[in-house]
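Next come the chains, spelled out residue by residue.
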Amino acid sequence: MTTAEQEGGRSALGRSLLESKALSSDWSPAFTAVPRSAFLPELMWPFDMDTGSSVAVNKAADPAAWQEYADANTPIVTQWDDGKHSGTEPGEDSSSSASMPSVVFRMLRDLDVRAGNTAMEIGTGTGWNAALLAHRLGAENVVTVEVDEAVAASARAALERFGLPVRVVHGDGFLGYPAGAPYDRIIATCGLRSIPFAWVQQSRPGGVIVAPWGTHYSHQDAVARLVVSRDGESASGVFTGPAEFMKLRAQRRPPVVHAEYVTGSVAEGDESATTISEAQFVGEKFSPQRFALGLRVRDCRHAVADKRDGARPVWFYGLTDRSWACVMFRDGDTARVWQSGPRRLWDEAEAAYRWWEGKGKPGHERFGLTVTAEGQTVWLDDPAESWPV
């Protein structure tokens, strides 16, 4: 691939990001000056949108394909299985990545940085996001925290090579980095289940915290944009849109083992039916109801199985006991329900869906999050009408 072709690929991506309003005009110079390709490893695993799977791309073997993916609005896995993976085939679980450029710049837009701001990033990854911040604010005003020592070392080297020697701290981002506080802006590039109050404490009054946040109910999270109160005792704000990120390692949960819940036939559960349809309940991947239901059905994991022969089971697993539920959606028929255990998980999920429906099917942007030393609460439209999660 020639230099002109490379520049054409980046220009096409830039135009697309501007047209979609993911890239705002104030971030356009950083996009031009700081290419994602400068921070990507030679062997990487872009997510192929056509096949729905990750594919190995080696720069030495196929530089044109490597560059094409680097300049595409595509997420790229850069590490599998916390570094235990070897070889070129994808591993079991992705553990570090370069996010889609559209997601990166939407979150940077939400961060609303100003000249002279100091910023802390949680989750260094490749270092590209830190480099973009450093281009705007100066490398001396940016610190980034990465839990994986090898990932931190690679990002540190890439930042130094590029001429933006941001301070890269190897440590647990959940704790922040008090030595560099107070910060005007904090951004996390990993999914959170609870936003640590330490980040609020390390922010200046009026500071902004931007982080993907969600519940254990599903992986369908949303980006929270919180503003720290004048007294520094809380941070609160709305969600700006859906997102899906790898989870902060300190907040990962082990996978649900189905056999530990359902030890016999599903028919052993209490049977009922529901008039809610599959299209209503499941929706599209980033439909707001999955996020909303997670706010109402606490300590629950739900799983949408593949559809076969016109039938799709959706499972619910309690995270504090062995309660479970299954609703079987079948084309052209009323959905059947089975549930077992101390909790009636489908009853809770159906009630949550009816609540969401009764509120006018609100999107992500009508929900908000408040973080205090006592914990976190969520709300719909009005912070005064909040409930714990």
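Please read these numbers as outputs of a predicted model, since none were measured by experiment.

(A) Looking closely at the overall build of the chain. For the chain, the helix and strand inventory stands at ten helices and 20 strands. Computed over C-alpha atoms, the radius of gyration of the chain comes to 22 Å, within 12% of the 21 Å expected from 2.2 N^0.38 for 389 residues, which places it in the range of a compact globule. Out of the 389 residues in the chain, the part that is buried amounts to 50%. Of all intrachain contacts in the chain linking residues separated by at least 6 positions in sequence, the fraction that spans at least 24 positions is 59%. With an accessible surface of roughly 17,400 Å², the chain has 49% of that area assigned to carbon and sulfur atoms. Taking the average location of the 39 positive side-chain charges in the chain and that of its 50 negative ones, the two points are 3 Å from each other.

(B) View of the packing of helix H4 (residues 101-111) against helix H5 (residues 128-137). Following both chains from N to C, one finds H4 and H5 inclined at 40°, their axes separated by 11 Å at the closest point. When the interaxial angle is binned, H4 and H5 end up oblique. Handedness of the crossing formed by H4 with H5: right-handed. Only Trp-128, Asn-129, Leu-132 and Leu-133 of H5 make contact with H4, whose side of the interface consists of Pro-101, Val-104, Phe-105, Leu-108 and Leu-111. When the residues that make up the contact of H4 with H5 are grouped by side-chain class, the tally is eight nonpolar, one polar and no charged.

(C) Inspection of the nonpolar core at higher detail. If you look at the biggest cluster of nonpolar residues, it comprises 55 residues, and the most contacted ones within it are Trp-199, Trp-213, Phe-281 and Phe-316. Among the elements that line this core, the one with the most residues is helix H10 (residues 345-358), at seven residues. Core analysis: the next-biggest nonpolar cluster, separate from the first, contains 37 residues, Val-166, Val-168, Ile-187 and Phe-245 among them.

(D) Structural detail: unusual backbone geometry. Between Ala-181 and Pro-182 the backbone carries a cis peptide bond, its omega angle lying at 5°. Mapped onto the secondary structure, Pro-182 falls in the loop between strand S8 (167-170) and strand S9 (183-188). The backbone of Asp-81 sits at a positive phi, close to 55°, despite the residue not being glycine. Mapped onto the elements, Asp-81 comes out in the loop between strand S4 (76-80) and strand S5 (94-98). For Asp-381, which is not glycine, the phi torsion reads 70° and is therefore positive.

(E) Structural detail: the sheet that holds strand S16 (residues 324-330). A sheet is described by the order of its strands in space; here five strands give the open sequence S13-S17-S16-S15-S14, paired in antiparallel fashion. Every interior strand has two partners, whereas the edge strands, strand S13 (270-274) and strand S14 (300-304), have only one. On average, each strand axis in the sheet is inclined to that of its neighbour by 20°, with strand direction left out of account. The sheet strands contacting H10 are S13, S14, strand S15 (311-318), S16 and strand S17 (335-340), and the helix crosses S15 at an angle near 105°.

(F) Region of interest: the sheet that holds strand S19 (residues 375-380). Taken together, the ten strands give an open sheet; going across it, the order is S8-S7-S6-S9-S10-S11-S12-S18-S19-S20, and neighbouring strands pair in mixed fashion. Each edge of the sheet is formed by a strand with only one pairing partner; in this case those strands are S8 and strand S20 (386-388). On average, adjacent strands in this sheet sit at an angle of 20° to one another, irrespective of strand direction. In terms of strand pairing, strand S11 (residues 221-228) meets strand S12 (residues 234-243) through five bridges, oriented antiparallel. Within S12, the position partnered with Val-227 by the bridge is Ser-236. Running over the sheet, H5 touches strand S6 (119-122), strand S7 (142-146) and S9 and is turned about 170° from S7. The sheet strands contacting helix H9 (residues 288-296) are strand S10 (203-213), S11, S12, strand S18 (367-372), S19 and S20, and the helix crosses S18 at an angle near 40°.

(G) Looking closely at the environment of Val-227. As for its placement among the helices and strands, Val-227 is situated in strand S11. You can call Val-227 partly exposed: its relative accessible area is 36%. Residues Val-227 and Ile-209 lie 18 residues apart in sequence; the distance between their C-alpha atoms is 6.4 Å. For Val-227, the residues in contact, after removing those within four places along its chain, are Gly-206, Gly-207, Ser-234, Ala-235 and Ser-236.

(H) Seen up close, the packing of aromatic side chains. According to the stated counting rule, one finds 20 aromatic pairs in the structure shown. Here Phe-291 and Phe-367 contribute two aromatic rings whose centre-to-centre distance is 6.2 Å and whose plane-to-plane angle is 75°, an arrangement assigned as edge-to-face. Note that Phe-291 is positioned in helix H9 and Phe-367 in strand S18, a separation of 76 residues in sequence. Judged by its relative accessible area of 3%, Phe-291 is buried. The interplanar angle of 40° and the centroid separation of 6.3 Å between the aromatic rings of Trp-355 and Phe-367 together place this pair among those described as tilted. One end of the pair, Trp-355, is in helix H10; the other, Phe-367, is in strand S18, and twelve residues separate them in sequence. Like Phe-367, Trp-355 is buried. Residue placement shows Arg-296 over the ring face of Trp-355; its charged tip is 4.0 Å from the ring centre. Of note, Arg-296 hangs over the ring of Trp-387, and the distance from its end group to the ring centre comes to 4.7 Å.

(I) Examining the packing of H9 against H10 more closely. Between H9 and H10, the least distance of the axes is 9 Å, while the angle of their chain directions is 120°. Taken together, the axis directions place H9 and H10 in an arrangement best described as oblique. In this structure, H9 crosses over H10, and the sense of that crossing is right-handed. Counted together, Pro-288, Gln-289, Ala-292, Leu-293 and Arg-296 of H9 and Ala-349, Ala-352, Tyr-353, Trp-355 and Trp-356 of H10 form the full contact between these two elements. Taken together, the residues of the contact of H9 with H10 sort by class into eight nonpolar, one polar and one charged.

Calculation criteria
Residue positions are given per chain, counting from 1 as you read along its sequence in written order. Confidence filtering applies because this is a predicted model: local features only for residues at pLDDT of at least 70, side-chain atom pairs given and counted only at 80 or more, and all residues used for totals across whole chains, interfaces and linings. Side-chain metrics in this entry use all non-hydrogen atoms of the structure; hydrogen atoms and water are not considered. We count a stretch as a helix when DSSP gives it H or I for four or more residues in a row; a strand needs E for two or more, and each element gets its number in order from the N terminus. Restricting the calculation to C-alpha atoms gives the radius of gyration, and the globule rule supplies 2.2 Å times the number of residues raised to the power 0.38. Note on classification: 1.4 Å probe, protein chains only; a residue is buried when its accessible area is under 20% of the maximum for its type, exposed when over 50%, partly exposed between these limits. Contacts: residue pairs with any heavy atoms within 4.5 Å of one another. The accessible surface values rely on the Shrake-Rupley method and a 1.4 Å probe; as for residues, cover is taken only from the protein chains in view. His is not counted, nor are the chain ends; Lys and Arg add positive charge and Asp and Glu add negative charge. A charge is said to be at NZ when it belongs to Lys, at CZ for Arg, at CG for Asp and at CD for Glu. Axes here refer to lines fitted to C-alpha atoms; in helices the fit is confined to the stretch in contact. Angles between the N-to-C directions go from 0 to 180 degrees. Note on terminology: angles under 35 degrees are roughly parallel, angles over 145 are roughly antiparallel, angles of 65 to 115 are roughly perpendicular, and the others are oblique. Definitions for this section: a left-handed crossing has its near helix turned counterclockwise from the far helix by less than a right angle. A right-handed crossing has that turn clockwise. In the scheme used here, Gly and all other residues not listed as nonpolar or charged are polar, with Ala, Val, Leu, Ile, Met, Phe, Trp, Tyr, Cys and Pro taken as nonpolar and Asp, Glu, Lys and Arg as charged. Residue types Ala, Val, Leu, Ile, Met, Phe, Trp, Tyr and Cys, when buried and joined through side-chain atoms within 4.5 Å, form a set referred to as a nonpolar core. Should DSSP find at least two bridges between two strands, the strands are regarded as paired. Two aromatic rings, drawn from Phe, Tyr or Trp (for Trp, its six-membered ring), form a pair once their centres lie within 6.5 Å of each other, and the interplanar angle then sorts them: stacked below 30 degrees, edge-to-face above 60, tilted otherwise. We call a charge positioned over a ring when the NZ of a Lys or the CZ of an Arg lies within 6 Å of the ring centre and within 35 degrees of the ring normal.

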